[in-house]
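# Structural characterization, general
Given next are the chains, with one letter for each unit.
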Amino acid sequence: MNELNTRRLLGTPAGPGDFADIRRLHGDPRVMATLSADGKTFSEDQSRAFLERAADHWRLHGFGLWIFHEHAAGGDFVGYGGIKHAVVECRDEVELAYAIRSDHWGKRLATEISIAALKLGFDVLRLDRIVAFTLPHNRASRGVMENCGFTYNRDIVHADLPHVLYILEARAFAATRENF
């Protein structure tokens, strides 16, 4: 799986070579207010560690996070997304994850990336379910989850912070495929 294409975007597996792009994302206070445990931007070391974990996940599981650029001329970096293993309440889950540069918010790119990742997870990897979670006040992220067919499950604590957990079962995704 060297590429994951959507209508507007091209995704390639995340790894150390994506440092400059990830620094743009991790250095944006608006983005990191929803991604980091303390709401602060990441240091260069934190960004490197993020990319090393992403590359390790690909090596271990054969899937993971993708770095997305526009198909259009110049191939502007827009963000990342994909599915990856995560521990949620002491249980190994496969999580849908995404982050979009703030200057690309409102273009439905997170939903576009998420649908591609979900199709991969359910159609190719044959997963039974995928989870997603975010901070309770992150209405935009909750909207992406709901637009993709996820349903709210319950409030949880993740990374020592309150989060909302959403779940999407394979059969529910299959039943709503005509929407995508």
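Residues numbered from 1 in each chain as written. Predicted model: local features only at pLDDT ≥ 70, side-chain atom pairs only at ≥ 80, totals over all residues. Heavy atoms only, no water.

### Focus: the overall build of the chain
Secondary structure assignment for the chain yields 6 helices and 8 strands. Going from N to C terminus, the chain has its helices and strands arranged as β-β-α-α-α-β-β-β-α-β-α-β-β-α. For the chain, the C-alpha radius of gyration of 15 Å lies close to 16 Å, the compact-globule estimate for 180 residues. Projected onto its principal axes, the C-alpha coordinates of the chain cover approximately 40 × 35 × 35 Å. (Helix = DSSP H or I, 4+ residues; strand = E, 2+ residues; numbered from the N terminus. Rg over C-alpha atoms; globule rule 2.2 N^0.38 Å.)

### A few points about helix α5 (residues 139-147)
Taken as a whole, α5 has its buried residues at S141, R142, V144 and M145. Viewed end-on, α5 has its buried residues packed into an arc of 155 degrees, placing them on one side of the element. Exposed side of α5, more than 90 degrees from the buried face: R139 and A140 are the residues found there. Along its buried surface, α5 packs onto β5 (91-100), α4 (109-124), β6 (129-134), β7 (151-158) and β8 (161-169). Of the residues flanking the end of α5, it is G149, one or two places downstream, whose phi is positive at about 105 degrees. (Buried < 20%, exposed > 50% of the residue type's maximum accessible area, 1.4 Å probe, protein only. Arc of directions from axis to C-beta. Contact = heavy atoms within 4.5 Å.)

### Considering α4
Between the first and last C-alpha of α4 there are 22 Å, a value that for 16 residues agrees with the 22 Å anticipated at 1.5 Å per step. Among the 16 residues of α4, 13 are classified as buried, and the element is accordingly described as predominantly covered. In the segment just after α4, R126 is the residue with positive phi, at about 60 degrees. (Expected span 1.5 Å × (residues − 1).)

### A word on the pattern of salt bridges
Taken as a whole and judged by the stated rule, the model has 11 salt bridges. When the shortest N-O distance is used, the salt bridge between D76 and R24 registers 3.9 Å. Of this pair, D76 sits in the loop between β3 (65-70) and β4 (77-88) while R24 sits in helix α1 (residues 19-26); the two residues are 52 residues apart in sequence, bridging distant segments of the chain. Residue D76 is classed as partly exposed on the basis of its relative accessible area, which comes to 27%. Residue classification places R24 among the partly exposed residues on the basis of a relative accessible area of 41%. Ionic pairing is found between R59 and D56, a salt bridge with its closest N-O pair at 2.3 Å. One end of the pair, R59, and the other, D56, are both in helix α3 (residues 44-61), 3 residues apart, so they sit about a helical turn from each other. A relative accessible area of 62% means that R59 is categorised as exposed. Through salt bridges with shared partners, a single ionic network connects R24, D76, R101 and D103. (Salt bridge = Lys/Arg side-chain N within 4 Å of Asp/Glu carboxyl O.)

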